[in-house]
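# Examination of the molecular architecture
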Amino acid sequence: MRPDASARVPLPVERFFQFSLLGLVASGYLAVAGSAYLDIPTIVLTGGGILLRALLVAGVVRLNISERTATAAALLYAAFFAIDYFLLSHEFLAATVHLVFFLAVLKILTASSNRDNLYIAVIAFLELLAAAILSIDFNFFLCLTLFLLFAIAALSSGEIRRSMRRATTTSRAGMKY
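Below or above, wherever it landed, is the structure these notes cover. (Residues numbered from 1 in each chain as written. Predicted model: local features only at pLDDT ≥ 70, side-chain atom pairs only at ≥ 80, totals over all residues. Heavy atoms only, no water.)

Okay, the layout of surface pockets next. Taken as a whole, the second largest pocket holds about 360 Å³ of empty space. If you trace the second largest pocket, you find 16 residues lining it, with Thr42, Leu45, Tyr77, His98 and Phe102 closest to the centre. Taken together, the residues that form the lining of the second largest pocket break down as 11 nonpolar, 3 polar and 2 charged. (1 Å grid on protein atoms, 1.4 Å probe; cavity = no way out; pocket = protein on both sides within 12 Å on 5 of 7 lines; lining within 4 Å. Points joined across faces, edges and corners; volume = space filled by probe spheres on them. Nonpolar A, V, L, I, M, F, W, Y, C, P; charged D, E, K, R; others polar.)

What follows is the structure, given as structure tokens:
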């Protein structure tokens, strides 16, 4: 696994940032789940993945998934995507929503770098976009409000993380004789 990109960021700031990202994903998940479009296995597996990530961020559970394992899982799901589209869902949108949620769970469980955190934010946005297409309920508005609040929290804490990681340099004046 790659070295943690937040090695020099104090734990409270990093934890707040990680919970903010988790809130983005959870609000996107709840928006799609509230549309009654997802099937029960997708709801349960995605909810379990989000709960596991919350336990990881809180420090209750430790999990280390190698990059090789994550890549293999993604490639296996690429093959399953065709099976899902042609044999199970018979609908491109449903199979694509399943793919987005699988990638969301895989990425939130293996995230360890700033690039991974960006991918998590993009996946959360894709979840919210899927909910905008699938939902016409008031539930979507509530989830959108939560998403925007978590986005503000993630952006502001991300900026704090970035500024804390900057190397501090000390310059010296010439030697006095």
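Having seen the structure, we can now continue with the description.
All right, on to helix α3 (residues 67-89) then. At isoleucine 83, α3 shows its largest bend, some 35°. Where the residues of α3 are buried, they touch α4 (92-110). Downstream of α3 by one or two residues, histidine 90 has phi in the positive range, about 60°. (Bend = angle between axes of the 7 residues up to and from the residue. Helix = DSSP H or I, 4+ residues; strand = E, 2+ residues; numbered from the N terminus. Contact = heavy atoms within 4.5 Å.)

What follows is about empty space enclosed by the protein. In the structure shown here, the tally under the stated rule is 1 cavity of 30 Å³ or more. If you go around the largest cavity, the residues you meet are Gln18, Leu21, Leu22, Arg53, Ile108 and Ile120. Counting residues per element, the lining of the largest cavity draws most heavily on helix α1 (residues 11-33), which supplies 3 residues. Grouping the constituent residues of the lining of the largest cavity by class yields 4 nonpolar, 1 polar and 1 charged.

Here we come to the environment of threonine 71. One can find threonine 71 in helix α3. Residues threonine 71 and leucine 106, spaced 35 residues apart in sequence, show a C-alpha to C-alpha distance of 9.5 Å.

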